[in-house]
Amino acid sequence: MRRLGALGGLGALGLRGRIVGALVLTAAVTLAVAALGLLPPLERRLRDAELRALVDKAVELRGGFESLDGHQLAINSNALGGLGLELVRTSGASEVYLLDSAHALRLRTADRATAAADPFDDVAEARRGRRLVASSVTHEGDEVVRVAIPLRIDGGLYVLAARKQVSEIRDAVGVVRRAFGTAALSGLAIALLLGLGLAATLVRRLRRLRDATVNLAEHGPVDEVPADRNRDEVGDLARSFAAMQRRLHQQEEARRAFVATASHELRTPVASLRGMLELLDDELAHGEVDGEEARRQVARALAQARRLGRLAADLLDLSRIDAEVALRREPVELGELSRAVLAEFELGAGPGERRPAPVLDEDGRGEDGVWALADPGAVAQILRILLDNAMRASPDDTPVHVSLRPPPGDGPAALIVRDEGPGVPPQEREAVFRRFSRGTGASGGGFGLGLAIGRELAERMGGSLVLEEAGPPGATFTLRLPVPPPHDHDGDDDGGAASA
Ligand SMILES: Nc1ncnc2c1ncn2[C@@H]1O[C@H](COP(=O)(O)OP(=O)(O)OP(=O)(O)O)[C@@H](O)[C@H]1O
Ligand SMILES: [Mg+2]
């Protein structure tokens, strides 16, 4: 118990740790992947959008620049300055330049210091390649997007260059990054709290189940399993466990009742047998034996011994049924089998017995006989039980009928035993099938086990044993058995008919 407890404690800790760990790890990985997948592309997209807007505006004003004439191209002329400021205004550019073919500045909207620091490498590239160059660079710690467009003005090759500081993009992304960090921390905290709560509940419920299992192992199915109403797998497990506990409890009760009844049934004949033998022994010791009386006592003792033998056999049958010892499942011709069992009763009737042996009604059977898929030994035993009951319950001068019904369609085959005795009172119809249950009209001697064994054997073979409700006076018991597939007994057919 202590070992189990220690193991359980470790396991509970492990489960809690694993659940919390898994939740926190999932939250952390999700947030990290989201941050990595979101922030850099966001920054890139914002920068690209700025660059595209700058290029668009510069291209829009290209025509204006190209239509200038020689006078208007003088350094910082009004016309040049106007176009430059227009570009600054529409695109938000921080600097606009126009450089001539000698790489000299014709227009500069920024102050000298900034212009001097600009490497103008994109301008050189645009001039060389005669094509628009758009790029983004980090220039003295500032994020800058820039464009250089080659222009043909008044026969000369000029380059229009515009720069825009976009450091605020980094600030904006920084804000998003900080928000992400906060979200990540709260997400992790929630995952941790949820994980702890979930794990605690789960572990508590599992511990309750474990305690119930240990209790079951140590004390048997005595206590009720605590109810768990949650509609989840652990709840299902708890309910299945409770159902199993209840079943075990019922079986245990049934077993106790059975053992109590069986030992009572055994004690009575054993006591009476011992009494008779002691009396006989006493008489023998005192030499006052009356031969006639002694024979009667021996006969009574023998009857008790036979009764004990029958009880032992019945109890053995029941224990085999309870242990679910496998029954055979093979095609059986019920006519042949019934004749063999009836023959036992004919022999048993003997010269001293007045009563006629039971008869098998031969009509109503097909040419091939009536086949069932069953254990021949078990079917014979059920028939013996039914015949024994019928012969004991009905008057000696009335016949006992055995008849067979081939299956209607693909229904079960039926073996019917009918007598003309008093029948079973309606209120006892089901009770007579219970173990150790004798009917009120029973002529002594039985243990009330026959029909219980018969019904359980029938059900084990996939069939049934019932007492028919209406019909002629007397009792009619019907044993129904599954039939074999049509081709199954073809080969046995001749053999069955020949040996019949
Ligand atoms: N053919 C019948 N007619 C009237 N009553 C019957 C008939 N068969 C069974 N019963 C009633 O059903 C009861 C139970 O039958 P069952 O065969 O189980 O036990 P039993 O015959 O009393 O004892 P056992 O078979 O163990 O020796 C009988 O005691 C009897 O009252
Ligand atoms: Mg009986």
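Sequence positions are assigned chain by chain, starting from 1 and proceeding in written order. Here every chain gets a letter starting at A, and every ligand a number starting at 1, in the order they are written. With the structure being a predicted model, the display of local features is reserved for residues of pLDDT at least 70 and the display and counting of side-chain atom pairs for 80 or more, all residues being used for whole-chain, interface and lining totals. Only hydrogens and water are set aside; all other atoms, that is, all heavy atoms of the structure, feed into the side-chain values.

Caption draft 1: The arrangement of helix α4 (residues 121-129) in detail. Burial status follows relative accessibility: with a 1.4 Å probe on protein chains alone, a residue under 20% of its type maximum counts as buried, one over 50% as exposed, and anything between as partly exposed. Labels follow the DSSP assignment, with helices taken as runs of H or I lasting at least four residues and strands as runs of E lasting at least two, numbered in each case from the N terminus. For α4, the full list of buried residues reads Asp122, Val123, Ala126 and Arg127. Down the axis, α4 shows its buried residues gathered within 140° of arc, on one side only. In what follows, a contact means two residues having at least one pair of non-hydrogen atoms within 4.5 Å. Buried residues belonging to α4 abut β1 (95-99), β3 (133-139), β4 (142-153) and β5 (156-165). Once α4 finishes, Arg130 follows within two positions and takes phi at roughly 50°, a positive value. Taken from the helix axis, the directions to the C-beta atoms give the arc we talk about.

Caption draft 2: Inspection of helix α5 (residues 167-219) at higher detail. A helix is expected to span 1.5 Å for every residue after the first. Taking 1.5 Å of rise per residue, the 53 residues of α5 would be expected to cover 78 Å, and the 77 Å separating its terminal C-alpha atoms lies within 8% of that figure. Just beyond α5, the residue with positive phi is Gly220, at close to 80°.

Caption draft 3: The arrangement of the UniProt feature "domain: HAMP" (unreviewed entry) in the protein chain in detail. UniProt positions are given in the numbering used here, feature names are shortened, and annotations may be inferred rather than shown by experiment. Using the residue numbers shown here, the UniProt feature "domain: HAMP" (unreviewed entry) corresponds to residues 200-253. With 76% helix and 0% strand, the stretch residues 200-253 has end C-alpha atoms that lie 37 Å from each other.

Caption draft 4: Structural detail: the site of ligand 1. In the vicinity of ligand 1 there are 22 residues, among which Asn389, Asp419, Gly448, Leu449 and Leu451 approach most closely. For the purposes of these results, a polar contact is taken to be a pair of N or O atoms within 3.5 Å, where, inside protein, one atom must be able to donate a hydrogen and its partner to accept one; residues adjacent in sequence count only when each atom of the pair is a side-chain atom. Contact between ligand 1 and Arg392: an oxygen atom at 3.4 Å from a side-chain N or O atom of the residue. Between ligand 1 and Leu449 there is a distance of 2.8 Å, counted from an oxygen atom to a backbone nitrogen or oxygen. Per-residue and other accessible areas were derived by the Shrake-Rupley procedure at a 1.4 Å probe size, with only the shown protein chains allowed to occlude residues. Across the complex, the protein chains shield 93% of the 590 Å² of accessible surface that ligand 1 would expose by itself. Only α7 (291-322), α9 (376-393) and α10 (450-460) provide two or more residues apiece to the shell around ligand 1. With 4 residues, the single largest contributor to the shell around ligand 1 is α9. Only a single heavy atom is needed: when it lies within 4 Å of a molecule or strand, its residue is near that molecule or strand.

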